[in-house]
Amino acid sequence: MYKLNELFQTIQGEGCFTGTPAIFIRLQGCPVGCAWCDTKQTWNAHPYDHTSIEKVLQKREDHPSWSAISSKQIIDILSQAEFTAKHIVITGGEPCWYDLIPLTSELERHGYQCQIETSGTFEINTTANTFVTVSPKINMKAKMPIIASALARADEIKHPVGTQKDIDQLDALLLAHPLKENVIIALQPISQKERATQLCIDTCIERNWRLSIQTHKYLSIA
């Protein structure tokens with residue numbers, strides 16, 4: 001069973017799938033504690049926030065309410081909703097708190113392409129075909145280490161950047177851990193700050209990395 005905070009269809013606004021119609025499955029629970037997190041409502045899975053699946057699906061604003069749901073129930077919801085998107089983004093919270101093999105297997109069996117977005121602080125349990133975006137959260141409140149196996153599994157490393165220190169920390173992390181040969185490295189300015197954005201632009205040009213801007217925030221969509 002998975003603790004579901006949200007399920008909705010939108011446009012992927014970040015990373016290499018920017019602009020792709022996508023169904024977001026947002027799971028509840030994350031111990032990492034990023035100060036600038038924009039989904040803090042997913043951090044805790046308190047029993048008193050447990051509610052029905054129907055109420056979770058009707059949510060129109062951020063709220064910590066969640067519902068326990070199975071892979072089959074998620075497939076049933078997708079079928080009934082008649083969504084057109086075939087790209088699934090499993091996020092959170094921290095989705096790798098869960099064993100995602102049953103969920104990603106079931107989604108792929110029904111013709112969906114899966115992507116997960118993870119902090120890299122947990123082992124990644126997904127199908128081999130799942131596209132893994134690791135957004136390494138270095139020296140956050142909980143001081144959880146980035147796991148070498150998570151970095152090795154990454155198809156994309158999407159790093160939040162506020163200052164040069166964040167880039168220096170990423171450099172040290174990449175130097176210490178082997179990566180896939182064709183891994184995509186993208187820098188994402190934190191909170192659309194102008195100085196952070198310019199720093200990311202300059203660094204991406206210098207290193208031939210990618211820039212990931214949170215286009216959904218500029219467009220005011222979910």
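Structure: above.
Throughout what follows, the structure given in this document is the object of discussion. (Residues numbered from 1 in each chain as written. Predicted model: local features only at pLDDT ≥ 70, side-chain atom pairs only at ≥ 80, totals over all residues. Heavy atoms only, no water.)

Looking at the side chain of Asp166
For Asp166, the position within the fold is in helix 5 (residues 164–176). Although Asp166 is buried, it forms no salt bridge, and the closest oppositely charged side chain is Lys165 at an N-O distance of 6.9 Å. Within polar-contact distance, the side chain of Asp166 engages the backbone nitrogen of Thr163 at 3.0 Å. In this structure Asp166 touches His159, Pro160 and Val161, once residues within four positions along its chain are discounted. (Helix = DSSP H or I, 4+ residues; strand = E, 2+ residues; numbered from the N terminus. Buried < 20%, exposed > 50% of the residue type's maximum accessible area, 1.4 Å probe, protein only. Lys, Arg positive; Asp, Glu negative; His and termini not counted. Salt bridge = Lys/Arg side-chain N within 4 Å of Asp/Glu carboxyl O. Polar contact = N/O pair within 3.5 Å; in protein donor to acceptor, adjacent residues only side chain to side chain. Contact = heavy atoms within 4.5 Å.)

Some points on the environment of Lys193
Among the secondary structure elements, Lys193 is positioned in the loop between strand 8 (184–189) and helix 6 (194–207). Measuring from C-alpha to C-alpha, the distance between Lys193 and Ala176 comes to 29 Å, with 17 residues separating the pair along the chain.

A closer look at a nonpolar patch on the surface
The grouping of Ile11, Leu211, Ile213, Tyr218, Leu219 and Ile221 at the surface amounts to a nonpolar patch, some 510 Å² of accessible area in total. Here Ile11 is to be found in strand 1 (residues 2–11). In this structure Ile11 comes out as partly exposed when scored by relative accessible area, which is 33%. (Patch = residues over 30% accessible without salt bridge, like charges linked within 9 Å, V, L, I, M, F, W, Y side chains within 5 Å. Areas by Shrake-Rupley, 256 points an atom, 1.4 Å probe, with all protein chains shown as cover.)

A look at unusual backbone geometry
Trans peptide bonds make up the majority, and among non-glycine residues the majority have a negative phi. The linkage connecting Gly92 with the following residue, Gly93, adopts the cis geometry, with an omega of 15°. Within the fold, Gly93 resides in the loop between strand 4 (87–91) and helix 3 (101–109). For Glu82, which is not glycine, the phi dihedral falls at a positive 55°. Mapped onto the elements of the fold, Glu82 is located in the loop between helix 2 (71–81) and strand 4. Positive phi is not limited to glycine here, since Asn208 has a value of about 60°. Tracing the backbone shows Asn208 in the loop between helix 6 and strand 9 (210–211). On the accessibility criterion, Asn208 (72% relative accessible area) is exposed.

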